[in-house]
Amino acid sequence: MRIIAYSVSSDELPFFEKYAHELGVAYKVTSKPLNEETMHLAKGCQGVSDFMHGDYTNKLLQQLQDYGIKYLSLRSVGYDGINLDLFKQHHIKLANVPQYSPNAIAEFTIALTLMLLRNLQVILPRVKTQDYARNNMKGRELADLTVGVVGTGHIGARAAKLFAGFGAKVVAYDHQQSGDLTYVDSLEDLYRQADVVSLHVPLTDDNHYMINTQTISQMKDSALLINTARGGLVDSKALLRALTSKKLAGAGLDVYEFFASEIFGEGKENEVIDDPTFLELSSLPNVIITPHIAYNTVTAIANMVKISTQNLLDFDKTGQSTNQVA
Ligand code: COI
């Protein structure tokens, strides 16, 4: 099978080489994103692999269909913002990789939380300037705190387990309850109890800005918000107001509501961000912002490449994939 892989980063390249050999596929690899300008590169291929969702316009999907492409696999978990009906209309089956490494994101969630609890985002830059003062740096211990995990799919469930491993009391909220977690009846219950609110839900039309002025008002003033899920879950302006007015104690954000792939990513070091809310948020001492890297581990990347390829091979062989989303 000949597969074109778009938006391939240098981190992923060695794995494309490895799995070409192991899975017996021919990859055509490009660092360019899939869009109307680059879609011609897919000519002659049977399947498409894309990093995260792109701008899958009618014109783009029509062209892929005209090239005889029947399958597209994302290498991401998330497929928010994709018009699934449009894929169906063009008879292109779409798959994702629901579990490349829930642990990668869960561990990063813990890292952001521990950093904020111990003020490491303030202390580390100070030490670089030979400032070893330790005034006003009292931390808090996870074992004394309640963590509210919003969403207990693969990633949220893993995060809950890791938080519990640190001795935290973990309460969870999800429409679907599973396993041995303690669930609360409503998000409001979770917000009222939690010292750390950690988001692990996909972005849908229903939960856009679920963290807003009203829901933040239900949280403790001492609470931390951790978002390693999707930027659109949080009203950034409301978050900024809460942090500057001491209505919240801190935030760890691996995602931001705008410029998901335009600014965060490989080769973006010279991109200028002029969003005032983002700039103000990132300048606050009690905020950590990272460029959507929670997923980025050796294990995760290997699995992203391998499983997305397997999805395409399964489609090609049987017409189906267990990871099909449209
Ligand atoms: C996802 O897998 O949905 C992510 O958000 C990580 C992405 C950058 C591949």
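Sequence order sets the numbering: in each chain, residues are counted from 1 along the sequence as written. Since the coordinates come from a predicted model, pLDDT governs what is reported: local features require at least 70, and pairs of side-chain atoms require 80 or more to be given and counted, while whole-chain, interface and lining totals use all residues. Side-chain numbers come from the whole structure's heavy atoms, not from hydrogens or water.

Some details on the nonpolar core
Under the convention used in this document: Here, nonpolar core refers to any group of buried Ala, Val, Leu, Ile, Met, Phe, Trp, Tyr and Cys residues whose side-chain atoms link them within 4.5 Å. Buried, partly exposed and exposed residues are distinguished by accessible area as a fraction of the type maximum, computed with a 1.4 Å probe on protein chains only: under 20%, between the cut-offs, and over 50%, respectively. Numbering of helices and strands starts at the N terminus; helices are DSSP runs of H or I of at least 4 residues and strands are runs of E of at least 2. Here, residues are in contact when the closest pair of their heavy atoms is within 4.5 Å.
Tyr27, Tyr100, Val147 and Phe163 are the most contacted members of the largest nonpolar core, which has 45 residues in total. Looking at this core, the elements that each hand over two or more residues are β1 (2-5), α1 (13-23), α4 (102-117), β6 (146-150), α6 (154-165), β9 (224-227) and α11 (298-318). Excluding residues within four positions of it along the chain, Phe163 makes contact with Thr109, Ile110, Thr113, Leu142, Val147, Val149, Ala168, Val170 and Ser198. By size, the runner-up hydrophobic cluster in this structure holds 34 residues, among which are Val184, Val234, Ala251 and Ile273.

A closer look at the layout of surface pockets
Put simply, the rule reads: Definitions used for this entry: grid spacing 1 Å over protein atoms alone; cavity, a set of points where a 1.4 Å probe fits but cannot get out; pocket, an open set with protein on both sides within 12 Å along at least 5 of 7 lines; lining residue, one with an atom within 4 Å of a point. Grid points are joined across faces, edges and corners, and a volume is the space filled by probe spheres set on the points. For this scheme, ten residues count as nonpolar: Ala, Val, Leu, Ile, Met, Phe, Trp, Tyr, Cys and Pro. Four count as charged, namely Asp, Glu, Lys and Arg, and the remainder, Gly too, count as polar.
Looking at the second largest pocket, its volume works out to about 460 Å³. In terms of lining, the second largest pocket is formed by 20 residues, of which the most central are Leu116, Asn119, Ala249, Gly250 and Asn286. At the level of elements, α4, α5 (120-128) and α9 (236-244) are the ones that each hand at least two residues to the lining of the second largest pocket. Looking at the lining of the second largest pocket residue by residue, the classes come out as 10 nonpolar, 6 polar and 4 charged.

A few points about the site of the ligand
Which entries qualify depends on this criterion: Proximity is defined per residue: if any heavy atom of the residue lies within 4 Å of a molecule or strand, that residue is considered near it. Contacts described as polar in this section are N or O atom pairs within 3.5 Å, which, within protein, must combine one atom able to donate a hydrogen with one able to accept it, while residues neighboring in sequence count only if both atoms come from side chains.
Taken together, the neighbourhood of the ligand is formed by Phe51, Met52, Ser76, Val77, Gly78, Tyr100, Arg230, His292, Tyr295 and Met304. Between the ligand and Val77 there is a distance of 2.8 Å, counted from an oxygen atom to a backbone nitrogen or oxygen. Here Arg230 contributes a side-chain N or O atom positioned 2.8 Å from an oxygen atom of the ligand. Grouping the constituent residues of the shell around the ligand by class yields 6 nonpolar, 3 polar and 1 charged.

Some thoughts on helix α2 (residues 58-66)
The condition that has to hold: The directions from the helix axis to the C-beta atoms form the arc being described.
The set of residues buried in α2 consists of Leu60, Leu61 and Leu64. One face of α2 carries all of its buried residues, which in axial projection span an arc of 95°. Exposed residues on α2 whose side chains face more than 90 degrees from its buried face are Lys59 and Asp66. Where the residues of α2 are buried, they touch β3 (47-50), β4 (71-74) and α3 (84-89). Positive phi appears at Gly68, one or two residues downstream of α2, with a value of about 85°.

Regarding the pattern of salt bridges
Put simply, the rule is: Definition used for salt bridges: Asp or Glu carboxyl oxygen within 4 Å of a side-chain nitrogen of Lys or Arg.
Counted according to the given criterion, the structure contains 7 salt bridges. With a shortest N-O distance of 2.9 Å, Arg230 and Asp80 are connected by a salt bridge. Note that Arg230 is positioned in the loop between β9 and α9 and Asp80 in the loop between β4 and α3, a separation of 150 residues in sequence. Looking at Arg230, the relative accessible area reads 14%, which means it is buried. We classify Asp80 as buried; its relative accessible area is 15%. Ionic pairing is found between Arg192 and Glu188, a salt bridge with its closest N-O pair at 2.7 Å. Pair noted here: Arg192 and Glu188 are both in helix α7 (residues 187-193), with a separation of 4 residues, about one helical turn. Of the residues examined, Arg192 reaches a relative accessible area of 47% and is grouped as partly exposed. Overall, the relative accessible area of 33% leaves Glu188 in the partly exposed class.

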